[in-house]
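# Chain and residue survey
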Amino acid sequence: MTILVCGSLAFDTIMDFEGRFADHILPDQLHILNVSFLVPGLRREFGGCAGNIAYGLRLLGSAVRPVAALGADGEHYLQRLRALGIDVSAVRLMPESYTAQAMIMTDRHNNQITAFHPGAMALAHTNPITATDGVSLAILSPDGKQATWEHAEQLHAAGVPFVFDPGQGLPMFDGVELLRLVDLADWAALNDYEARLLCDRTGLTLPELSRRLRALVVTLGEQGCDVWQDGECIRVPGVPAAEIVDPTGCGDAFRAALLHGLARGWSVTEAARLGNRMGAAKIATRGGQNYRFDL
C-alpha cells in the first residue's frame, strides 16, 4: 500500500560562518544594517519536508508517492527521487518557477540566518490529489497554505486517513482554520513549540485537541515524544544519538517512521518508538537525506 506525502520539495544551500554573527552586528545601527559574511563552508542538499519524509519511508521499505511541485530547475531532484524508488507520478514541474530554496547561514554557535524562497511550492495547490487507489495513508507536511487546505479536503473526501503536520506553516492559519484541519485529520504531529501555538490559536488544550483525533503526537527532541489519546498522555522516551551533528530533518525522519508504523497497523506508541530511533540516527548525519537506518 502506498503512502502519500504532501508537502515541499526544496534545495537547501547551507553555509558555515566560522565566527559569531553578534561580533559583526552593531545593535545601535540596526536601522542601517549592511553586513557581509565570508563562508568558507558551503554545501547543497536535497530537502523539503515531503522529500525528507519520502526518503525516510524508502529507507524503511514503504511505498511512497510525494504530492509536490518542483520548478524549472527541479529535474535533478526528480531524477534522485526516481533513483530512490519513489513514485513521482504526483510530482508536478512548474516551468515558470524555481524549486523552493532555503539558504541557511550558521555561525560557530549554531545561530542561523535563513532566507526561504517558496518558488514552485506556492503553486502546489494547482497539483490536486486525484488518484488514491492503493493509497492507505497520507501526511500533510508543510506546504503552501492553499495547497494544505485543498489537499486536506481532497484526502477527506476520498476517505484517505492522514496525519496533519503543519510545522513552520502553522502561523499561516487562524484558529478556525486550524480546528477545521484538525477535524479533517485522523492524527496530528507537532513539536512542542508548534503544539503550544496550536493551543493558543484554537483556544483548546492538548487533551481537548486529542479527543478530536485518533492521536496527537508532540515531539520533544532528545526527551522523546508525548502521545495524547482521548485526553490521556503517554511519554515515549527518547533514544540517545551516537553523535549530534545536524538536526536538519530530524522531525521528518520521525514522521517517516510514524507513518511506516501506522500504515502497518501498529499502535501510535509503537510507531513513535521507531520514530525516536530514526530521529536519533538522522541527527548523527549532515543533511536531511543522507542518513542510513536499519530496522
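Scope of this entry: the structure provided in the associated data block. (Residues numbered from 1 in each chain as written. Predicted model: local features only at pLDDT ≥ 70, side-chain atom pairs only at ≥ 80, totals over all residues. Heavy atoms only, no water.)

### Details of the sheet that holds strand β10 (residues 187-191)
With mixed pairing, nine strands are arranged side by side in an open sheet as β5-β4-β1-β8-β9-β10-β11-β12-β13. A single partner strand is all that each edge strand has here, and the edge strands are β5 (91-94) and β13 (232-237). In this sheet, neighbouring strand axes are inclined to one another by 20° on average, regardless of whether the strands run parallel or antiparallel. Against the sheet, helix α8 (residues 268-282) touches β10, β11 (215-219), β12 (224-229) and β13, its axis set at about 165° to β12. (Pairing = 2+ DSSP bridges. Helix = DSSP H or I, 4+ residues; strand = E, 2+ residues; numbered from the N terminus. Axes fitted to C-alpha atoms, helices over the stretch in contact; angles between N-to-C directions. Contact = heavy atoms within 4.5 Å.)

### Things to note about helix α1 (residues 49-59)
Burial of α1 is extensive: nine of the 11 residues sit out of reach of the surface. Taken residue by residue, α1 has C49, A50, G51, N52, I53, A54, Y55, G56 and L57 as its buried positions. Downstream of α1 by a residue or two, G61 has a phi angle that is positive, lying close to 90°. (Buried < 20%, exposed > 50% of the residue type's maximum accessible area, 1.4 Å probe, protein only.)

### Description of the nonpolar core
The biggest cluster of nonpolar side chains holds 36 residues, and the ones touching the most others in it are V5, L9, L57, L259 and V268. When neighbours within four sequence positions are excluded, L9 is seen to be in contact with G47, G48, A50, G51, A68, A69, L70, Y77, L81, V91, T99 and A100. By size, the runner-up hydrophobic cluster in this structure holds 35 residues, among which are L4, V67, L178 and L181. (Core = buried A, V, L, I, M, F, W, Y, C linked by side-chain atoms within 4.5 Å.)

### Here's the deal with empty space enclosed by the protein
On inspection of all chains with the given rule, the structure shows one cavity of 30 Å³ or more. If you add up the space inside the largest cavity, you get close to 40 Å³. In terms of lining, the largest cavity is formed by L140, S141, P142, D143, T148, F164, D165, P166, G169, M172 and F173. (1 Å grid on protein atoms, 1.4 Å probe; cavity = no way out; pocket = protein on both sides within 12 Å on 5 of 7 lines; lining within 4 Å. Points joined across faces, edges and corners; volume = space filled by probe spheres on them.)

### A short note on the packing of aromatic side chains
Scanning the entire structure with this criterion turns up seven aromatic pairs. Each ring, one from F11 and one from F46, has its centre 6.1 Å from the other, and the planes form 50°; the classification is tilted. Placement of the pair is F11 in strand β2 (residues 10-16) and F46 in strand β3 (residues 41-47), with a sequence separation of 35 residues. Judged by relative accessible area, F11 falls into the buried class, the value being 3%. Taking the relative accessible area as the measure of exposure, F46 reaches 18% and is therefore buried. Ring geometry for F21 versus F37: centroids 5.0 Å apart, planes at 65°, classification edge-to-face. With F21 in the loop between β2 and β3 and F37 in the loop between β2 and β3, this residue pair connects regions lying 16 residues apart in the sequence. Across this residue pair, the class does not change: F21 and F37 are buried. What links up through ring pairs into an aromatic cluster is the set F11, F46 and Y77. The cationic tip of R44 hangs over the ring face of F11; the distance from NZ or CZ to the ring centre is 4.1 Å. (Phe/Tyr/Trp six-rings, centres within 6.5 Å; stacked < 30°, edge-to-face > 60°. Lys NZ or Arg CZ within 6 Å of the ring centre and 35° of its normal.)

### Quick notes on unusual backbone geometry
Phi is positive for D230, close to 50°, though the residue is something other than glycine. Tracing the sequence through the fold places D230 in the loop between β12 and β13. Look at D230 and you get exposed, because its relative accessible area is 59%.

### What to know about helix α4 (residues 175-184)
Where α4 is concerned, the buried positions are G175, L178, L179, L181, V182 and L184. Close packing links the buried residues of α4 with α3 (145-158), β9 (162-164), α5 (192-202) and α6 (206-210). One side-chain oxygen at the N-terminal end of α4 lies 3.1 Å from the backbone nitrogen of V176; it belongs to D174. (Polar contact = N/O pair within 3.5 Å; in protein donor to acceptor, adjacent residues only side chain to side chain.)

These figures come from the coordinates and say nothing about function on their own.
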